Amino acid sequence: MSDEDLTFEDSYRDSDEDVEDVEDEDDYVDDDDTDLNFTDVVAEKDRKKNYEVDFIVHSIEGIVKNQDDEVTHVSNILGIQKQHAATLLRHFRWNKERLIERYMEDSTEVLNKAGVITDNARTPKFIKIPGFICDICCDDDKDLDTLALSCGHRFCKNCYEHYLTQKIKEEGESRRILCMASKCNVIVDEKTVELAVNKDIHERYRTLLNRTYVDDNEYLRWCPAPSCEYAIECHVPQTSLTSIVPTVECVCTHRFCFGCGFPDHQPSICVLVKKWIKKCEDDSETANWISAHTKECGKCHSTIEKNGGCNHMTCRKCKYEFCWVCMGPWSEHGTSWYNCNRYDEKTSIDARDQQAKSRASLERYLHYYNRFANHEQSAKLDRELYNKTEKKMEEMQQTSDLSWIEVQFLKKAVDILVQCRMTLKWTYAFAFYLARNNQTDIFEDNQRDLEMAVEQLSELLEKPIEAEKIAELKQQVLDKTVYVGSRREVLLEDTAKGLLESRWEFQVDIKS
Ligand SMILES: [Zn+2]
Ligand SMILES: [Zn+2]
Ligand SMILES: [Zn+2]
Ligand SMILES: [Zn+2]
Ligand SMILES: [Zn+2]
Ligand SMILES: [Zn+2]
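Criteria and cut-off values
Residues numbered from 1 in each chain as written. Chains lettered and ligands numbered in written order. Predicted model: local features only at pLDDT ≥ 70, side-chain atom pairs only at ≥ 80, totals over all residues. Heavy atoms only, no water. Helix = DSSP H or I, 4+ residues; strand = E, 2+ residues; numbered from the N terminus. Buried < 20%, exposed > 50% of the residue type's maximum accessible area, 1.4 Å probe, protein only. Areas by Shrake-Rupley, 256 points an atom, 1.4 Å probe, with all protein chains shown as cover. Donors = N, O, S within 2.8 Å, 3.2 Å for Na, K, Ca; no water. Salt bridge = Lys/Arg side-chain N within 4 Å of Asp/Glu carboxyl O. Phe/Tyr/Trp six-rings, centres within 6.5 Å; stacked < 30°, edge-to-face > 60°. Lys NZ or Arg CZ within 6 Å of the ring centre and 35° of its normal. Axes fitted to C-alpha atoms, helices over the stretch in contact; angles between N-to-C directions. Parallel < 35°, antiparallel > 145°, perpendicular 65-115°, else oblique. Contact = heavy atoms within 4.5 Å. Nonpolar A, V, L, I, M, F, W, Y, C, P; charged D, E, K, R; others polar. Arc of directions from axis to C-beta. Core = buried A, V, L, I, M, F, W, Y, C linked by side-chain atoms within 4.5 Å. Pairing = 2+ DSSP bridges.

(A) Broad picture of the overall build of the protein chain. Within the protein chain one finds 18 helices and 12 strands. Across the 512 residues in the protein chain, those meeting the buried criterion constitute 48%. For the protein chain, the accessible area works out to roughly 26,800 Å², and carbon and sulfur atoms hold 48% of it.

See the structure below:
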C-alpha cells in the first residue's frame, strides 16, 4: 500500500458513511496482502501500476550526446569514420542493431544504398588545384578553394556554400543532402557541411539533424508543449497501443500520450481517441449546439450561464437548484447519481421503439458527448479556479494563522480536480465504443464513483471561506483530494488491466 492509501484509510476510518468506500477500495487494489508490515509497504510502492509506463526525459544536450554515443559505437564496431557511421545510422533510422546486422551481411550494398563511400585515408578539406574549372559556375581562378566528396566529384567552395545553404535554410533538409553532381547519390557528410557553410547555417543544420534524430526514432518523441525543447524516450512500440495508453510527463509538466502525442487521454486507447475526435468533428454542428454554455432554468425558464466547474446549479432568479448534466432537481442527486453517468439501456430501448434507429444512435452519441464536453468545459473553468484559489490562499493566510506552505493544499486540490476531469472526459469516449458485457458494470461503477467524488471536491472548492471554519474546510478538502485521487487510480488501474487482459470488447475494430 502506498502512503496515499494509508492517509486515505486513516482519514476515513472514523467516518461511518465512508466505510463502504474503503471496502470497495480494498476489493480493487488490495485483495491479497492485508498485512501492513514494512516490506509489503515497500513492495507495493515499487510495483509499477498497470496504467504507468517507464520513460526518460532528455534535454537537447542529452539528445546530442546520445547521437554522438551511438555514432561512436557504430564507428568503432564497423571501423569506419564517424561522419559515415552517422550517415548510415540516419539511413537506418537509428536502428543500430539492424544496421550492424545488414552491414555484416553485405557492406557494399548497405553503403551504396545509404550513399556512403568509405575512404578512411581521406578527410574532407578545401584545396587549391592548378587548372581546375568548376563544372557549375565555370570559375577557373587559380586561388579557387575546391572540395570533392568520396565520389570524386569536385566543385568550388562558393558553389558548395550556395547549394548547402539553399538546402538547409530554404528546404529544411539535413540528413539526405546529395552530392551536386547529377545522378550521384552520395550523401554530403557532416564534416563537409561544417567546412562549407557559415556558423548560423551550421547551427541550423545541427538543429535539423537533432530533430530528425528524434523524429526518426521509434522510441523518442518531442514534448508537444509550445516552445518546450525536451524529448521523451519511452519503449512502448506502436504495436502495443491497442493494449496500453503510454502517458508520459515532461519536466515542463505537460502530460501527453507517447503513442500519439495528444494530451493525456487515459483510459482511452489512441485509436479510440482518434475515432472519437473525428466523430466529434463530423458531428460538430450538433456538438456545438449541445455544448452551448447556457441552459434554461427548469422552473422559471430564465437563462443560466455556468460559471464554475461544479454541476450544482442554483437559479439566480427563482433559487431552483438543479444538476447541469441531467437538469434534474439537485435534491435527488444525493443517492441517485447513476442517472447522470450511465447510459440507461432501458431508455435507449424505449427511444428506439419510438424513433428511427439513426435517431437512437444520435441520442446515444449525444449522451456520451454531453458528458465528455461537460468535463472539458468544467476543466477549463476549474483552471480559472486557479486564480480564484490564489486569492483564497492569500485570504486564508490573513484570516487564519496558516502559513503559505500550509495553504498549498488548495492548489494541489485544483491540480487533482483538473486531472480527474480529463480522465473522466476520456472515460466517456471509452464508454461510447465499449460493447456491453459482464465487465462493463465494474467500469461504470468506477466511473460513477470518480464522478461523484469529483463533483463533491469541485463544490467544496467553490465554497466561500468562513474564517472560523478554515480548519474544518482544510480537513475536508484534504480528505476529498486524497479520496478523489484514489478513485482515479482505481479506475485507471482496472481499465489498464482490462486492456492488457483483453477483457474489454469494443464496438469498432481497434486493429485498424
Ligand atoms: Zn563553382
Ligand atoms: Zn558525387
Ligand atoms: Zn515539455
Ligand atoms: Zn495516444
Ligand atoms: Zn429559475
Ligand atoms: Zn444530474
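(B) Spatial organisation of the coordination of the zinc ion (ligand 4). Around the zinc ion (ligand 4), the protein contributes the donor atoms Cys-257 (SG), Cys-260 (SG), His-265 (NE2) and Cys-270 (SG), at 2.1 to 2.3 Å from the metal centre. Counting the intervening residues between successive donors of the zinc ion (ligand 4) yields the motif C-x2-C-x4-H-x4-C. Taking relative accessible area as the criterion, His-265 reaches 0% and is therefore assigned buried.

(C) Representation of the pattern of salt bridges. Per the stated rule, a full pass over the model turns up 24 salt bridges. As a salt-bridge pair, Glu-489 and Lys-49 come within 3.8 Å of each other at their nearest N and O atoms. Placement of the pair is Glu-489 in helix α18 (residues 470-500) and Lys-49 in the loop between α3 (38-46) and β1 (56-58), with a sequence separation of 440 residues. In this structure, Arg-206 and Glu-190 form a salt bridge, with 3.1 Å as the shortest nitrogen-oxygen distance. Taken as a pair, Arg-206 in helix α10 (residues 199-216) and Glu-190 in helix α9 (residues 190-196) lie far apart in primary sequence, 16 residues in all. Taking the relative accessible area as the measure of exposure, Arg-206 reaches 24% and is therefore partly exposed. By relative accessible area, which is 17% here, Glu-190 ends up buried. A network of salt bridges, in which partner residues are shared, links Arg-102, Glu-105, Glu-109 and Lys-113.

(D) Examining the packing of aromatic side chains more closely. Across all of its chains, the model carries 20 aromatic pairs by this definition. When the centroid spacing of 6.4 Å and the interplanar angle of 50 degrees are considered together, the rings of Tyr-368 and Tyr-428 count as tilted. With Tyr-368 in helix α15 (residues 357-399) and Tyr-428 in helix α16 (residues 408-433), the pair connects residues that are 60 residues apart, well separated along the chain. Relative accessible area serves as the criterion here: at 4%, Tyr-368 is assigned to the buried category. Its relative accessible area of 0% is what places Tyr-428 among the buried residues. Through a chain of ring-to-ring contacts, the aromatic side chains of Phe-262, Trp-276, Tyr-365, Tyr-368, Tyr-369, Phe-372, Trp-426, Tyr-428, Phe-432 and Tyr-433 assemble into a single cluster. One cation-aromatic arrangement involves Lys-157 over Phe-126; the distance from NZ or CZ to the ring centre is 5.5 Å. When the ring centre of Tyr-365 is taken as reference, the NZ or CZ atom of Lys-279 above it lies at 4.7 Å.

(E) Looking closely at the packing of helix α11 (residues 270-282) against α16. It is at 10 Å that the axes of α11 and α16 come closest, and there the two elements cross at 95 degrees. Between α11 and α16, the angle falls in the class roughly perpendicular. Residues Leu-272, Val-273, Lys-275, Trp-276, Ile-277 and Lys-279 of α11 pack against Trp-426, Ala-429, Phe-430, Phe-432 and Tyr-433 of α16. Across the contact of α11 with α16, the residue classes break down as 9 nonpolar, no polar and 2 charged.

(F) The arrangement of helix α6 (residues 96-105) in detail. Listed in full, the buried residues belonging to α6 are Lys-96, Leu-99, Ile-100 and Tyr-103. Buried residues along α6 cover an arc of 95 degrees about the axis, so they all sit on one side. α6 presents Glu-97 and Glu-105 as exposed residues on the side facing more than 90 degrees away from its buried surface. On its buried face, α6 is in contact with α4 (60-78), α5 (82-91) and α7 (107-114).

(G) Broad picture of the environment of Cys-270. By the secondary structure assignment, Cys-270 is in helix α11. A relative accessible area of 9% places Cys-270 in the buried class. Residues Cys-270 and Ile-510, 240 residues apart in the sequence, show an inter-C-alpha distance of 9.3 Å. Not counting residues up to four positions away in its chain, the partners in contact with Cys-270 are Leu-241, Cys-257, Gly-259, Cys-260 and His-265.

(H) Spotlight on the coordination of the zinc ion (ligand 2). In the first shell of the zinc ion (ligand 2), the protein supplies Cys-151 (SG), His-153 (ND1), Cys-179 (SG) and Cys-184 (SG), at 2.0 to 2.3 Å from the metal. Considered as a linear motif, the donors of the zinc ion (ligand 2) on their single chain read C-x1-H-x25-C-x4-C. Taking relative accessible area as the criterion, Cys-151 reaches 21% and is therefore assigned partly exposed.

(I) Expanded view of the nonpolar core. Membership of the largest hydrophobic core comes to 30 residues, with the highest contact counts inside it found for Met-396, Leu-450, Val-454, Leu-461, Val-477 and Val-484. Of all elements in the fold, only α15, α16, α17 (440-462) and α18 reach the threshold of two or more residues within this core. Examining the composition of this core, we find that 9 residues originate from one element, α16, more than from any other.

(J) Broad picture of the sheet that holds β1. Within the open sheet, the 3 strands sit side by side as β1-β6-β5. Their pairing is antiparallel. Two strands close off the open sheet at either side, each with one partner strand: β1 and β5 (220-222). Along the sheet, successive strands turn relative to each other by an average axial angle of 30 degrees, direction set aside. Summarising the sheet, β1 and strand β6 (residues 231-233) pair through 3 bridges and their orientation is antiparallel. Each residue of the ladder has a partner; that of His-58, found in β6, is Ala-231. Most of the contacts of α4 go to β1, to which it runs at about 95 degrees, and overall it touches β1, β5 and β6. Relative to β5, α10 is tilted by about 125 degrees, and along the sheet it contacts β5 and β6.

(K) Just unusual backbone geometry, in detail. For the peptide bond that leads from Gln-266 to Pro-267, omega is 5 degrees, which places it in the cis range. Assignment of secondary structure puts Pro-267 in the loop between β8 (255-257) and α11. Although it is not a glycine, Cys-138 sits at a positive phi angle of roughly 65 degrees. Considering the arrangement of structural elements, one finds Cys-138 in the loop between β2 (127-128) and β3 (145-148). The class for Cys-138 is exposed, based on a relative accessible area of 54%. With phi around 80 degrees, Thr-253 is a residue other than glycine that occupies positive phi space. Note that Thr-253 resides in the loop between β7 (247-249) and β8. Of the residues examined, Thr-253 reaches a relative accessible area of 57% and is grouped as exposed.

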